[in-house]
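A look at the structure
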Amino acid sequence: MARKRKERDSLGEVWVPADALYGAQTQRAIDNFPVSGQPMPEAFIRSLLDVKAAAAKANGEVGALPKLMVASIVSACDKLLESASLMQHFPVDVFQTGSGTSTNMNANEVIAELASGILSSTVNPNDHVNCSQSSNDVIPTTIHVSVAREINSQLLPALAHLVEVIDQKGKTVKQYCKTGRTHLMDAMPVTMAQSLSGWSAQVRQNSENLTQRMPNLLQLAQGGTAVGTGVNADPDFAASFCRFLNERTKLQFLPASNRYALISSQNTAIELSGELKAIAVSILKIANDLRWMNSGPLAGLGEITLESLQPGSSIMPGKVNPVIPEAAAMAAAQVIGNDTAITIGGQSGNFELNVMLPMIARNLLESITLLSNSARLLADKAIAGFTVNEQRLQESLHRNPVLVTALNPIIGYEMAAKIAKQAYKDGRPIIEVALEKTDLSREQLERLLDPRRLTGD
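In this report, the structure presented in the accompanying data block is examined. For clarity, every value in this text was computed on a predicted model and none was experimentally measured.

1. Side note on the overall build of the protein chain
Of the regular secondary structure elements, the protein chain holds 19 helices and ten strands. Evaluated residue by residue, the protein chain yields a buried proportion of 49% over its 457 residues. When the accessible surface of the protein chain is summed, it comes to about 21,300 Å², and 52% of that surface belongs to carbon and sulfur atoms. Averaging the coordinates of the 41 positive side-chain charges in the protein chain and doing the same for the 44 negative ones gives two points 3 Å apart.

Here it is as structure tokens:
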């Protein structure tokens, strides 16, 4: 049998693994919440440790904790952040008490255990590590901190990379003209570069919209403690906390203009999730366009050929599938699902506290990871390397009866429609039918029906 030790909290005694750094409250959470087997994301735990370190320093500055104890708590946080086995100390399930109290106490207990060894004196999880704090302001604060860091370090750079790769690819394929499609049906021609510019503009706008949400994300609930009033926290604690946190994160966090809103609701998270959903929709659009353009290669559109990355079938030899766009599409679908859960979570702000905080944190961080990785994969393994099948483009382009749209101002919509229908019926190039049904010369028709001219490029 595994060795265990006895720990005590306000409810009584609990048996804990002998080598665990956590204590009784963490063990109760492990026992009470065997829901998903998923702990809180590592990015969240890392930010939580930075929050605890900054809180300790702020407590030292306002005189709530002695300097040596502050140093031991900060040192414990830094030691954990440097540890390759960090997450083994934070096993509490995402689906726990809605305030995230179990995760907050998990951190308090682990830090206290390490800090006690460093100080050679007892550091208490509640009285010392959690000094001037409550789970009710720590967890909302950590949501903002972890999400802001991941957006700045992962998602915004990934979106910028995707835009750069799309724009560069547009320059290399600008000479190709293709049949445009609306309703998945043949429409007027566009250049390949024009199609790609639409992707680029979508993603660029997504990035700009996300950036505009950052000021709200940088406001923190810390200092509000239990219900927003700041009970048991020095009036100067919040400002001091943000200053020390900014030193650790290199971001510009500041005390919330209204702490009651950030503790009782999650509007900022909901707004951010909406932006993440919009990015997912852009990713999904690009992925589906790539799949359609690559479809076939014989019985589909076959306009481009994506890089062959792996065999596509366990039974059909030689088959190669658009695996990167498919993976990105599934990731986008998950982000859209995460947004729905976050929206429901935001509705659970009852009076002075939202009680779906761990799920909101987990979903936001997962969505950021999925979108960051999908954007880079689409850029590097799909868009950058695809080749254009020029012969296939030309075959469909010059047989496209919709080109007759260019003749509308000269022969009228009704006659143009008759020509298009005849060309469809006979499977003939539009120029041949137009020669028979109009007085226009071949030279005039070749100029008027030139696909490249019709793109306006």
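2. Concerning the state of the cysteines
Summed over all chains, the structure comprises zero disulfides. Free of any disulfide, C131 has its nearest neighbouring cysteine sulfur in C77, separated by 14 Å. Its relative accessible area of 13% is what places C131 among the buried residues.

3. Points about the side chain of K169
Tracing the backbone shows K169 in helix α6 (residues 135-172). Put simply, K169 is tucked away with no salt bridge, and the nearest opposite charge, on E307, sits 9.4 Å away. A polar side-chain atom of K169 sits 3.2 Å from the main-chain carbonyl oxygen of A384. K169 has contacts with L196, I383, A384, G385 and F386, leaving out every residue within four places of it along the chain.

4. Here we look at the environment of P34
Within the element layout of this structure, P34 appears in the loop between α1 (24-32) and α2 (42-61). For P34 and A187, which are 153 residues apart along the polypeptide, the C-alpha to C-alpha distance reads 55 Å.

5. Remarks on the environment of H89
Considering the arrangement of structural elements, one finds H89 in the loop between α3 (67-82) and α4 (101-119). Between the C-alpha atom of H89 and that of N106, which follows or precedes it by 17 residues, the distance is 8.1 Å. In this view, H89 contacts L21, Y22, L80, N106 and V110; residues no more than four positions away in its chain are not counted.

6. Some points on the nonpolar core
Ranked by size, the top nonpolar core spans 105 residues in total, and within it I73, F241 and L290 carry the most contacts. For this core, the element with the most residues is α6, which contributes 15 residues. For I73, the contacting residues outside a window of four places in its chain are K52, A56, L65, I111, A115, V123, H128 and V129. Among the nonpolar cores identified, the runner-up in size contains 16 residues, and A416, A434, L440 and L448 belong to it.

7. Focus on the pairing of strand β4 (residues 185-191)
Here five bridges tie strand β3 (residues 177-182) to β4, and the two strands are oriented antiparallel to one another. Residue R181 lies in a different strand from β4, and its bridge partner there is D186.

8. Quick notes on the pattern of salt bridges
Tallying each qualifying case throughout the model produces 21 salt bridges. One salt bridge connects E303 with R181, and the closest N-O pair in it is separated by 2.7 Å. In this pair, E303 sits in the loop between α11 (267-294) and β7 (304-305) while R181 sits in strand β3, placing the two residues 122 residues apart along the sequence. Its relative accessible area of 1% is what places E303 among the buried residues. Taking the relative accessible area as the measure of exposure, R181 reaches 29% and is therefore partly exposed. When salt bridges with common partners are traced through the structure, they connect D50, D78, R149 and R248 into a single cluster.

9. Some remarks on α3
Between its first and last C-alpha, α3 extends 22 Å over 16 residues, near the 22 Å set by a 1.5 Å rise per residue. Buried residues of α3: M69, V70, S72, I73, V74, A76, C77, L80 and L81, and no others. On its buried face, α3 is in contact with α2, α4, α5 (125-129) and α9 (237-249).

10. Thoughts on the layout of surface pockets
Space inside the largest pocket adds up to approximately 400 Å³. Contributing to the lining of the largest pocket are 19 residues, with K178, R181, D289, W292 and M293 lying nearest its centre. Looking at the lining of the largest pocket, the elements that each hand over two or more residues are β3, β4, α7 (192-212) and α11. Examining the composition of the lining of the largest pocket, we find that five residues originate from one element, α7, more than from any other. Only β1 (4-9), α1, α4 and α5 provide two or more residues apiece to the lining of the second largest pocket. By residue number, the principal contributor to the lining of the second largest pocket is α4, which donates five residues. Among the residues making up the lining of the second largest pocket, the classes are represented as seven nonpolar, seven polar and six charged.

11. Description of the packing of aromatic side chains
The geometry of two aromatic rings is summed up by the distance between their centres and the angle between their planes. Counting across every chain of the model gives one aromatic pair. Ring centres 6.1 Å apart and planes at 25° place the aromatic pair F237 and F241 in the stacked group. One end of the pair, F237, and the other, F241, are both in helix α9, four residues apart, so they sit about a helical turn from each other. An identical accessibility class is assigned to F237 and F241; each is buried. Here K169 stacks its cationic end above the ring of F386, 4.6 Å away from the centre of that ring.

The rules we used
Residues numbered from 1 in each chain as written. Predicted model: local features only at pLDDT ≥ 70, side-chain atom pairs only at ≥ 80, totals over all residues. Heavy atoms only, no water. Helix = DSSP H or I, 4+ residues; strand = E, 2+ residues; numbered from the N terminus. Buried < 20%, exposed > 50% of the residue type's maximum accessible area, 1.4 Å probe, protein only. Areas by Shrake-Rupley, 256 points an atom, 1.4 Å probe, with all protein chains shown as cover. Lys, Arg positive; Asp, Glu negative; His and termini not counted. Charge placed at Lys NZ, Arg CZ, Asp CG, Glu CD. Disulfide = S-S within 2.5 Å. Salt bridge = Lys/Arg side-chain N within 4 Å of Asp/Glu carboxyl O. Polar contact = N/O pair within 3.5 Å; in protein donor to acceptor, adjacent residues only side chain to side chain. Contact = heavy atoms within 4.5 Å. Core = buried A, V, L, I, M, F, W, Y, C linked by side-chain atoms within 4.5 Å. Pairing = 2+ DSSP bridges. Expected span 1.5 Å × (residues − 1). 1 Å grid on protein atoms, 1.4 Å probe; cavity = no way out; pocket = protein on both sides within 12 Å on 5 of 7 lines; lining within 4 Å. Points joined across faces, edges and corners; volume = space filled by probe spheres on them. Nonpolar A, V, L, I, M, F, W, Y, C, P; charged D, E, K, R; others polar. Phe/Tyr/Trp six-rings, centres within 6.5 Å; stacked < 30°, edge-to-face > 60°. Lys NZ or Arg CZ within 6 Å of the ring centre and 35° of its normal.

Interpretation note: all reported values are geometric properties and have no functional meaning in isolation.
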